[in-house]
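In case you want the letters, here they are:
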Amino acid sequence: MSLDLRAVYEAEAEAVHAFLSRFGLANAEVEDAVHDTFLTALSRQKTYDPARPVRPWLLGIAFRIAVARVRTARPTTAELPEQSDLRQDPHAALETQRARELVSRALAELSEEQGTVFALYDLHGVSAADIAASMGAPLATTYSRLRLARQAFAAAVKRLHPESP
Amino acid sequence: MNELEPLPEELQRLLARTAPQAPLAGAAKARLWGRLSASAAALPAGSAAATAALLKWPLLAATLGLGVGAGVALDRFAFAPEPRVVVRTEVVKVEVPTPAPPPPAPTEAARPAPPRPVARTTPAPITADERQLIEAARTALIKRDAAAALNALARHRRSFAQGQLAEERDGLEVQALAQLGRRDEARTAARRFLASWPDSVFAPAVEAATAP
């Protein structure tokens, strides 16, 4: 079973891009991450079961790529919003950038499994049923992972930014 | 217990603030597809899946994401997809089946036509010097210093006229000329580029740079 890269890209590129936009990466880096996500998906297609939904699987790959970039990122550039953001309210753009950096750094502290379920469910709104199907895990297990992931995420946010949330 | 309680409100607010501000535009989507399909074509056939199964994530990313770090900072107009070396090999195989290089185009008076790729079974290695000149040009373009970019490209042309990165050099030159506002020269260079490298992965960037 080979992955139809073109069809998957056509259908999922926007979702993958939107998901990766939330990690505080520069615009060009987001595009790099989208590229890497689909290329990695192609090379790992044997790990994909066509009977399962494709989006959670793709976003799981995207999550690993985003977190790897966050972990190796240079010190924050929060004071310099992206050029495209400058066309919007600069204050709002800065708020967005700071929130993204906090969220992505907190996510990077979670285990891969917890970070993935949290990012898919709470950040991107993938249903628990789809996440469960994608991971080949019972729904109850997915809920239990999510609860633990939320606790870990809240604790990480507190650690990284004691004053807010 | 299969129901989840709602996420605490302050965390909901935090997550909401990360919402995407701009969707992936159609042009960016198409451009990314061009880059992705070139990378996909460059994956070693058959070996990719097996390699992926053997390698852990970071290694895999390093193996597949060739040049990701180098290309990261490109702005949208100076876009240049990677990896370029293997893609070039494809061009060689498809476009030039015979070993004899065609004669240079006689009508190009301003500058000799870029050298045609010569068929070979394995691509020659790219030297660090050659790569460095192209990287310098690309960095200069990103910094909007097109004059410095042209300078690096001219040095590349002198030292590596038929270099492995000649295709990228010619593409960057069009973009540098366009950035300097030398539109006529940019258009001439673009025509020459598209004639020399009709299937180039850099063609969209070249066309975008010289669009009216």
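Please read all numbers here as calculations on a predicted model, not as lab measurements.

Asks: What am I meant to see in the nonpolar core here?
Replies: All names here are of chain A. Core analysis: the biggest nonpolar cluster contains 62 residues, and F19, L20, F23, F38, L107 and F153 have the highest contact counts within it. With 11 residues, helix α3 (residues 54-71) is the single largest residue contributor to this core. Setting aside residues no more than four positions away along its own chain, L20 makes contact with L25, V30, A33, V34, T37, A62 and A66.

Asks: Which parts of the structure should I look at to understand α3(A)?
Replies: Quick reminder: α-helices carry 3.6 residues per turn. Residues three or four places apart thus point the same way. Taking 1.5 Å per residue as the helical rise, α3(A) with its 18 residues ought to reach 26 Å, and the 26 Å between its terminal C-alpha atoms agrees with that figure. The buried fraction of α3(A) is high, at 14 of 18 residues.

Asks: What's the story with the packing of helix α7 (residues 128-142) of chain B against helix α9 (residues 166-179) of chain B in this structure? I'm lost.
Replies: A pair of packed helices can be characterised by two numbers: the angle between their axes and the separation between those axes. Residues and elements named next belong to chain B. Following both chains from N to C, one finds α7 and α9 inclined at 25°, their axes separated by 10 Å at the closest point. Taken together, the axes of α7 and α9 lie roughly parallel to each other. In the packing of α7 onto α9, the handedness of the crossing is left-handed. Across the interface between the two elements, E130, I134, A137, R138 and L141 from α7 touch A166, E168, R169, L172, Q175, A176 and Q179 from α9. Along the lines of polarity and charge, the residues of the contact of α7 with α9 split into 6 nonpolar, 2 polar and 4 charged.

Asks: Help me understand the packing of helix α1 (residues 5-20) of chain A against α3(A) in this model?
Replies: Residue and element names in this part refer to chain A. Remark: α1 packs on α3, axes separated minimally by 10 Å, with the N-to-C direction vectors making an angle of 45°. Judged on the interaxial angle alone, α3 and α1 are oblique. Viewed along their axes, α1 and α3 form a crossing whose handedness is right-handed. For the pair formed by α1 and α3, the contact residues are V8, A11, E12, A15, V16, F19 and L20 on the first element and V54, R55, L58, L59, A62, F63 and A66 on the second.

Scoring rules and cut-offs
Residues numbered from 1 in each chain as written. Chains lettered and ligands numbered in written order. Predicted model: local features only at pLDDT ≥ 70, side-chain atom pairs only at ≥ 80, totals over all residues. Heavy atoms only, no water. Core = buried A, V, L, I, M, F, W, Y, C linked by side-chain atoms within 4.5 Å. Buried < 20%, exposed > 50% of the residue type's maximum accessible area, 1.4 Å probe, protein only. Helix = DSSP H or I, 4+ residues; strand = E, 2+ residues; numbered from the N terminus. Contact = heavy atoms within 4.5 Å. Expected span 1.5 Å × (residues − 1). Axes fitted to C-alpha atoms, helices over the stretch in contact; angles between N-to-C directions. Parallel < 35°, antiparallel > 145°, perpendicular 65-115°, else oblique. Left-handed = near helix turned anticlockwise from the far one by under 90°. Nonpolar A, V, L, I, M, F, W, Y, C, P; charged D, E, K, R; others polar.

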